[in-house]
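Report on the structure
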Amino acid sequence: MIRFDGVTKTYADGTTAVDDLSLTAPTGKITVLVGPSGCGKTTTLRMVNRMIEPTAGTILIDGQDTAAMEPAAMRRGMGYVIQHAGLFPHRTVLDNIGTVPRLLGWDRRRTRERSLDVLERVGLSPDLAGRYPAQLSGGQQQRVGVARALAADPPVMLMDEPFSAVDPVVREQLQDEFLRLQAELGKTILFVTHDIDEAIKLGDQVAVMRVGGHLAQMAPPARLLARPVDDFVADFVGRDRGYRALGFRPTPKLPLRAEPTLVVGESPSDMSGQWCLVVDDRRRPLGWVRPGDLRGPVTVADLNRGGTVAVQGGSLRATLDAALSSPSGRGVIVDPTGALVGTVLAPEVVALVEEDRVTQAEAGSSP
Amino acid sequence: MIGAIWTWLTSTSSWSGDDGIPHRLLQHAGYSALVLVVAAAIAVPLGVWIGHSGHGRSLVTVANSLRAVPTLGLLFALTLVLQPHLQGNTAFLLPCVIALVLLAVPPILSGAYAGVEAVDPAARDAAKGVGMRPREVLRHVELPCALPLLMSGLRSAALQVIATATIAAYVGLGGLGRYLVDGIATNDYPRTGGGAVLVALFALVADIVGALVQARVVSPGLTGKGRRLARVDHPTVPSGATAS
Amino acid sequence: MSWLGGHLGEIFQLAWQHAWLAGLPLLVGLAIALPLGWFASRNTRAYVALVTSAGLLYTIPSLALFVLMPLIIGTRILDPVNVVVAMTIYTVALLVRVVADGLQSVPDDVRSAARAMGFGVVRRLVMVDLPLGVPVIASGLRVAAVSNVSIVSVASLIGTHQLGDLLVDGFNRAFAPPLVTGIVGCLLLALLFDGVIVWGARVLTPWLRGGTA
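Reference entry: report on the structure contained in this document.

Conventions used here
- Residues numbered from 1 in each chain as written.
- Chains lettered and ligands numbered in written order.
- Predicted model: local features only at pLDDT ≥ 70, side-chain atom pairs only at ≥ 80, totals over all residues.
- Heavy atoms only, no water.
- Helix = DSSP H or I, 4+ residues; strand = E, 2+ residues; numbered from the N terminus.
- Contact = heavy atoms within 4.5 Å.
- Areas by Shrake-Rupley, 256 points an atom, 1.4 Å probe, with all protein chains shown as cover.
- Lys, Arg positive; Asp, Glu negative; His and termini not counted.
- Charge placed at Lys NZ, Arg CZ, Asp CG, Glu CD.
- Buried area = accessible area lost by both parts, 1.4 Å probe.
- Salt bridge = Lys/Arg side-chain N within 4 Å of Asp/Glu carboxyl O.
- Polar contact = N/O pair within 3.5 Å; in protein donor to acceptor, adjacent residues only side chain to side chain.
- Nonpolar A, V, L, I, M, F, W, Y, C, P; charged D, E, K, R; others polar.
- Patch = residues over 30% accessible without salt bridge, like charges linked within 9 Å, V, L, I, M, F, W, Y side chains within 5 Å.
- Core = buried A, V, L, I, M, F, W, Y, C linked by side-chain atoms within 4.5 Å.
- Buried < 20%, exposed > 50% of the residue type's maximum accessible area, 1.4 Å probe, protein only.
- Expected span 1.5 Å × (residues − 1).
- Bend = angle between axes of the 7 residues up to and from the residue.
- Pairing = 2+ DSSP bridges.
- Axes fitted to C-alpha atoms, helices over the stretch in contact; angles between N-to-C directions.

Attention now moves to the overall build of chain C. Counting its regular elements, chain C contains nine helices and zero strands. Projected onto the principal axes, the alpha-carbon positions of chain C cover approximately 65 × 45 × 20 Å. Within chain C, contacts between residues at least 6 apart in sequence are counted, and of these 71% link residues at least 24 apart. Accessible surface, chain C: about 9800 Å² in total, of which carbon and sulfur atoms supply 71%. A distance of 11 Å separates the average location of the 12 positive side-chain charges in chain C from that of its 9 negative side-chain charges.

Structure, rendered in structure tokens:
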């Protein structure tokens, strides 16, 4: 647990970067600091490992005052990931990862084994172990950065915009893998970003900060979307927050309709029929076809892949999106293996959304 | 003329005694090595400190502007000023060594400074953030990353010193320069030309050795095949580009 | 001071001579280095070959190169042409790489924009690559200029007359005025060359002036 108690940072020129900040980042959870540039989020993060010294207040890690710790030793016990990875260009990937274990005095062999292990954990091939950072893509460099932070298995991780410098597709992959990794490892993570979508996706709780280093609101993402405390937060979390909030509501049991299916190479029996779902040999949906458009058996080229697919029991947002995006109007629901379970219509999902809202309101625990 | 030079280079008398090629070559190499070691002992720590701390950048500027002083003038002036205060062998040696050190310091200083200065701030921040102490940051990150520029500074200093040590024969220093200076004075062209060939070869070999050492000590991550040959974002002007 | 007054004519004569010996190689060297550098900037193999051989030429100590010049170009031993050619070799050796890097420093988007607008190779070189490469080339030229002025003084040892004569004269007679005059003269000449190059680069790059400059 990381606890900020009345922490203030004022620079020599009189600017206040962080103003009387108190918050707690609970053990084993991801706490995201988010806000516009100049809101002091990075300063806040860097005060934890004393890269920046607070002017006033205390920061406690598991009850211990950081001011009393020796900075270098303390930093070795915390993972540290930064925006441009900050890999050491003269060291191989493996040696980069092994930095902290070596500083801690591990022998070469144990460091090497551990580094290889972590390399695979972050989804990189062991073939990359002997490469140098300049030979990696931006996304690979960030993974190595994460691996380096994890190498000595620190309980606490500090991450400063770790995924901001890579393109959106890679960023999404990195985020997903980061969540998967965190589900395995359960680190206490303080994560800084300027991207509210990233904050909402990754955070167990999100601290929105405003310029001048004030904490505007600290809440789990769903609550932040549902109940922004003021205009600043409302504005910052954005316009489609009602829709995004559905991402945090599980879909209750649905009355699914059975869907007639085709496989590639088959011809539909009813050529006049409306949209038809095409699946593969393991009943995983591939796309939709309209029999009237076909000039023979279904080929891969005929498929309309516009619809998204929702996993049964997933979020209301995903379920609704599956229905809204489907060319047939019928949202495709699959089981965890990806096999088709049935379809659902948008009005049915909307009815569920409304039902969910009423239940939440009556329970008085509306997020 | 080439034949005469060849004759001089291959005659046995050129290869024996105190004025023989082996002895002159050893002298030249000895002075150059001594000067480089002294200059490096001054300039490397200073340059690294300036690059590391950001203090005293003006020192680099001053050192660089000193390069405009003609080497011949510096050599003569120092010799005239110092010689009356010295006795015996040191009277010839010391002024030359000091002049050569003064010439070798600027390229090494700017190489060391620029090398450390150019270390990626993110790598430096990460080094500190993962728990390296200032000394460890210097040893494990800043110095290894500074090596390419530091080494090219050392190499241009070496060339500068070898070239100027040749001229220093005029003020009484030994080494290969003796053949050139004495040859010119006595109108002995074979000797002059032979000396010139030896000096050129010596400089070439020294630079090749420097290149080999550089290739060995610099991490492939800083120069390797994954990188473009010509870094267009750092237009390259040789850092010690005043031969003499 | 009295020495200076009595030798002004001679000093200017030597300075003029020095300016020629150091300056002419700069112009000739630039004229040779531009096409070579342009070629190197377009061809990786040529770049490696040219930069490597330039580096090797640059290792030859000046006094040795002066002395060997007659052997290579067949001049007389005391001919000032030896010095001019030797200095040109140094200048080319230094500038080839600078020109190649300078021409490559043109941002890719600018270059493709030029191509998209239908500029041919030569037009693009003259109207885009060269002007944008001016700052880098000028910085290389400044280094070459300062270095040339210093090296030329060494030519006194092989009997080519210029400001270096004052240094030798001062040293041989253990007499400070000519020595100091020689040093100061070289410094002023280097400063003058530097100023001319900086001015020239400014004239050629009007877009870099104004605003923050």
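Before going further, it helps to spend a moment on the interface of chain C and chain B. Between chain C and chain B, the residue contacts involve 44 residues of the former and 44 residues of the latter. Carbon and sulfur atoms supply 81% of the area buried between chain C and chain B, which totals about 3900 Å² over both sides. Taken together, the links from chain C to chain B amount to zero salt bridges. Our count for the chain C to chain B interface comes out at three residue pairs in polar contact (both at pLDDT 80 or more). Mapped by element, the contributors of at least two residues to the side of chain C that touches chain B are helix H3 (44–59), helix H4 (62–73), helix H5 (80–104), helix H7 (121–152), helix H8 (164–172) and helix H9 (176–204) of chain C. In terms of residues, the side of chain C that touches chain B owes the most to one element, H7(C), which gives eight residues. Here the side of chain C that touches chain B is built from residues that sort into 31 nonpolar, eleven polar and two charged.

Taken as a whole and assessed by the stated rule, the structure comprises 31 salt bridges over all chains. Salt-bridge contacts for A:Asp280 lead to A:Arg284; the nearest nitrogen and oxygen are separated by 3.0 Å. A salt bridge links B:Asp207 to B:Arg155, with the shortest nitrogen-to-oxygen separation between them at 3.3 Å. Placement of B:Asp207 in helix H9 (residues 189–217) and of B:Arg155 in helix H7 (residues 134–167) is noted, with a sequence separation of 52 residues between them.

This next bit is on the environment of C:Val81. By the element assignment, C:Val81 lies in helix H5. A sequence separation of 79 residues divides C:Val81 from C:Thr160, and the C-alpha atoms of the two residues are 9.5 Å apart.

Ranking the two pairs of chains in contact by number of contacts places chains B and C first. Chain C makes no contact with chain A, the minimum C-alpha separation between the two being 20 Å.

Let us now look at a nonpolar patch on the surface. The grouping of C:Trp16, C:Trp20, C:Leu24, C:Leu27, C:Val28 and C:Ile32 at the surface amounts to a nonpolar patch, some 610 Å² of accessible area in total. Counting through the fold element by element, C:Trp20 comes out in helix H2 (residues 8–42).

Okay, the nonpolar core next. Ranked by size, the top nonpolar core spans 114 residues in total, and within it B:Phe76, C:Phe66 and C:Phe193 carry the most contacts. Among the elements that take part in this core, H5(C) stands out by supplying 14 residues, more than any other. Contacts of B:Phe76, omitting those with residues within four sequence positions, involve B:Tyr170, B:Val171, C:Leu167, C:Val168, C:Phe171 and C:Leu179. Core analysis: the next-biggest nonpolar cluster, separate from the first, contains 46 residues, A:Ile30, A:Leu136, A:Ile189 and A:Leu224 among them.

Moving on: H2(C). A rise of 1.5 Å per residue sets the reference length of H2(C), with its 35 residues, at 51 Å; its end C-alpha atoms lie 50 Å apart and thus fit the reference within 8%. If you look at H2(C), its biggest bend is around 30°, right at C:Ala33, and the proline C:Pro35 turns up within four residues after that.

Here we come to the side chain of C:Ser156. All names here are of chain C. Mapped onto the fold, Ser156 is located in the loop between H7 and H8. Ser156 sits in the buried class, given a relative accessible area of 13%. Only 3.4 Å separates the side chain of Ser156 from the backbone oxygen of Gly164, close enough to count as a polar contact. Those residues within four positions of Ser156 in sequence are excluded, and the remaining contacts are Gln162, Gly164, Asp165 and Val168.

All names here are of chain A. Ordered by their spatial adjacency, three strands build an open sheet running E11-E12-E13, and the pairing between neighbours is mixed. Single-partner strands in this sheet number two, and they are strand E11 (261–263) and strand E13 (285–289). Direction aside, the axes of adjacent strands within the sheet are offset by 35° on average.

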